[in-house]
Amino acid sequence: MSADVPDRTAPSRATDRPGDFSPFALGLLLRQAHWRAATVMAEALRPLGIELRHFAVLIVLVDRGPTVQRDLAAATGSDKAGIMRVVDDLERKGLAVRKAVPGDRRVRAVEITPAGIELFDAAHVAAEPLAERLVAELGPGEPEKLRDLLTRFAYPAGGEA
């Protein structure tokens, strides 16, 4: 085989570089995009005294209302111990409270407080210019297209994983 012709029998090496078509490249690219977005959004949350893991729970609480910890863990991709630590943090900060669930003394629902709503709104204001910076390299209409594509990718119509 000549030196300038790629060996097609060798296994593909996954990278996150543009043009890599290995079966793992998309996952690596998505991970890199997540790290970049998470780093920028953490910058918006830092002055407010919370982390992304806290904000993820606040998002669920704003969206769903009072939510049991088991469902918070599932919605945020956390485990039971992790979600308990996050809820403990939110309670200490006065951003959420645990309340008894009628009919089941063992279960507690987590509810966002007025201070939590206030912080949630402030986080959005702080994140807006940073979010614009994230998509600054995209052309007109591309941020919306990216959001649409990622939404369809993350939540397929058939519900498959």
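What comes next is a walk through the structure. (Residues numbered from 1 in each chain as written. Predicted model: local features only at pLDDT ≥ 70, side-chain atom pairs only at ≥ 80, totals over all residues. Heavy atoms only, no water.)

## Some points on helix α5 (residues 114-134)
- In this model α5 runs 30 Å from its N-terminal to its C-terminal C-alpha over 21 residues, within 8% of the 30 Å that 1.5 Å per residue would give.
- Ala-127 marks where α5 bends most, by close to 40 degrees; the proline Pro-129 follows one to four residues later.
- Taken as a whole, α5 has its buried residues at Gly-116, Leu-119, Phe-120, Ala-123, Ala-127, Leu-130 and Leu-134.
- Contacts made by the buried residues of α5 are with α1 (25-45), α2 (52-64) and β3 (104-112). (Helix = DSSP H or I, 4+ residues; strand = E, 2+ residues; numbered from the N terminus. Expected span 1.5 Å × (residues − 1). Bend = angle between axes of the 7 residues up to and from the residue. Buried < 20%, exposed > 50% of the residue type's maximum accessible area, 1.4 Å probe, protein only. Contact = heavy atoms within 4.5 Å.)

## Structural notes on the packing of helix α3 (residues 69-76) against helix α4 (residues 80-92)
- It is at 9 Å that the axes of α3 and α4 come closest, and there the two elements cross at 105 degrees. Judged on the interaxial angle alone, α4 and α3 are roughly perpendicular. From α3, Gln-69, Leu-72, Ala-73 and Thr-76 reach across to α4, where they touch Ile-83, Met-84 and Val-87.
- Across the contact of α3 with α4, the residue classes break down as five nonpolar, two polar and no charged. (Axes fitted to C-alpha atoms, helices over the stretch in contact; angles between N-to-C directions. Parallel < 35°, antiparallel > 145°, perpendicular 65-115°, else oblique. Nonpolar A, V, L, I, M, F, W, Y, C, P; charged D, E, K, R; others polar.)

## Some remarks on the pairing of strand β2 (residues 96-101)
- Where β2 and β3 come together, six bridges link them in antiparallel fashion. Considered in β3, the bridge of Ala-100 is made with Arg-108.
- Where β2 folds back on β3, the antiparallel hairpin that results is connected by two residues, among which Gly-103 adopts a positive phi of roughly 95 degrees. (Pairing = 2+ DSSP bridges.)

## Regarding the sheet that holds strand β1 (residues 67-68)
- The strand order across the open sheet built from three strands is β1-β3-β2, with neighbouring strands paired in antiparallel fashion. Among the strands making up the open sheet, the edge pair consists of β1 and β2.

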